[in-house]
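# Structural description and commentary
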Amino acid sequence: MTTTIAGIRIPDSALARATTEYIRDIESDLLYHHSRRVFLFGALSGERQQLAYDPELLYVGAMFHDLGLVEGHRSDDERFEVDGANAAAKFLKPYGLSDDDIEQVWLSIALHTTPGVPKHLRPTVALVTAGVEMDVLGMDYAAFTTVQREAVVHAHPRGEGFKECIICAFADGLRHRPQTTFGNVKTDVLKDQVPGFKPMNFVEVIRSSPWTS
């Protein structure tokens, strides 16, 4: 039976069902429910903006976007966004999607913590970020109706401690590879959560480069 939440139909294709099962088995309740909310808020944003988006691609991007934080699916030297993007691309291969579709999903995950860029790209890319920014940062909160917000959170609860718990989840997935946060928003997470963490400084990198001037 097709599930509809806040007027948004959850994709029910073989790919979407496989995605749900795969992520549900791997991720914590925190990340699973967050990822479903990201899809719903992203889709609602797309409806509001009258964007022609592919719900299935948006769903896969949303569901995989934080997989790179999870033990067993995170590397030691790549950004967690890239780990998730690579996992999604590998997962999609057997389903016969075009290279373009796979690239859209890859970019939607890889760029979801790069403010100001995704909104200028294809709807799949833009809307995964829009969903993340709404659920984590509350961006465009007032653009969603109370009925929409309550329906999404009723189906996929945030819980009382979501704000602090998601920060901890970010830190747990990154503390072993702090260098990968250089130049992105997750630097702020490690500064907050890891005592003594000193992030790389772009100006210092320039000044210490091997160039003589």
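Quick caveat: nothing in here was measured; it's all calculated off a predicted structure.

A separate point is a nonpolar patch on the surface. Taken together, F182, M200, F202, V205 and I206 make up a surface patch of nonpolar side chains, about 470 Å² in accessible area. If you trace the backbone, M200 turns up in the loop between α9 (186-193) and α10 (202-207).

A large share of helix α3 (residues 55-64) lies buried, amounting to eight of its ten residues. Residues of α3 that are buried sit in contact with α1 (14-26), α2 (29-49), α4 (80-92), α5 (99-110) and α6 (123-137). Two to three positions downstream of the cap, the backbone nitrogen of E56 sits 2.9 Å from a side-chain oxygen, assigning the N-cap of α3 to D54.

Glancing now at the nonpolar core. Grouped together as the largest cluster of nonpolar side chains are 52 residues, with contacts concentrated most on I8, F39, L40, L58, F64, L92 and V105. Broken down by secondary-structure element, the contributors of at least two residues to this core are α1, α2, α3, α4, α5, α6, α8 (162-174) and α9. Per element, the largest residue contribution to this core is eight residues, and it comes from α2. When neighbours within four sequence positions are excluded, L58 is seen to be in contact with F39, G42, A43, Y53, T124, L127 and V128.

The final tally for this structure, using the stated rule, is nine salt bridges. Salt-bridge contacts for D29 lead to R24; the nearest nitrogen and oxygen are separated by 3.0 Å.

Okay, the environment of P157 next. Within the fold, P157 resides in the loop between α7 (146-155) and α8. Among the residues examined, P157 registers a relative accessible area of 44% and is labelled partly exposed. Expressed as a C-alpha distance, the spacing of P157 and D29, which sit 128 residues apart in the sequence, is 9.6 Å.

Taken as a whole and judged by the stated rule, the model has zero disulfides. Unpaired in this structure, C168 has its nearest cysteine sulfur neighbour in C165, at a distance of 6.3 Å. The exposure class of C168 is partly exposed, given its relative accessible area of 34%.

Quick look at the environment of V147 now. Topologically, V147 is positioned in helix α7. Given a relative accessible area of 65%, V147 falls into the exposed group. Here the alpha-carbon distance between V147 and A6, two residues 141 residues apart in the chain, equals 7.5 Å.

This paragraph deals with the UniProt feature "domain: HD" (unreviewed entry) in the protein. In the numbering adopted here, UniProt assigns the feature "domain: HD" (unreviewed entry) to residues 32-119. Helix makes up 60% of residues 32-119 and strand 0%, with an end-to-end C-alpha separation of 24 Å.

Positive phi, normally seen in glycine, also occurs at A6, with a value near 55°. Mapped onto the secondary structure, A6 falls in the loop between β1 (4-5) and β2 (8-9). Look at Q50: it is not a glycine, yet its phi comes out positive at around 55°. Looking at the element boundaries, Q50 is found in the loop between α2 and α3.

With that out of the way, let us pick up the packing of aromatic side chains. The final tally for this structure, using the stated rule, is six aromatic pairs. A centroid spacing of 5.1 Å and a plane angle of 35° characterise the contact between Y22 and F91, whose relative ring orientation is tilted. Residue Y22 is found in helix α1, and its partner F91 is found in helix α4; the two are separated by 69 residues along the sequence. Taking the relative accessible area as the measure of exposure, Y22 reaches 29% and is therefore partly exposed. Cluster of aromatic residues (ring-pair linked, three or more members): Y22, F64, F91 and Y95. Just above the ring of F162 sits the side chain of R37; from NZ or CZ to the centre is 4.8 Å.

Criteria and thresholds
- Residues numbered from 1 in each chain as written.
- Predicted model: local features only at pLDDT ≥ 70, side-chain atom pairs only at ≥ 80, totals over all residues.
- Heavy atoms only, no water.
- Patch = residues over 30% accessible without salt bridge, like charges linked within 9 Å, V, L, I, M, F, W, Y side chains within 5 Å.
- Areas by Shrake-Rupley, 256 points an atom, 1.4 Å probe, with all protein chains shown as cover.
- Salt bridge = Lys/Arg side-chain N within 4 Å of Asp/Glu carboxyl O.
- Helix = DSSP H or I, 4+ residues; strand = E, 2+ residues; numbered from the N terminus.
- Buried < 20%, exposed > 50% of the residue type's maximum accessible area, 1.4 Å probe, protein only.
- Contact = heavy atoms within 4.5 Å.
- Polar contact = N/O pair within 3.5 Å; in protein donor to acceptor, adjacent residues only side chain to side chain.
- Core = buried A, V, L, I, M, F, W, Y, C linked by side-chain atoms within 4.5 Å.
- Disulfide = S-S within 2.5 Å.
- UniProt positions renumbered as here; feature names shortened; annotations may be inferred.
- Phe/Tyr/Trp six-rings, centres within 6.5 Å; stacked < 30°, edge-to-face > 60°.
- Lys NZ or Arg CZ within 6 Å of the ring centre and 35° of its normal.

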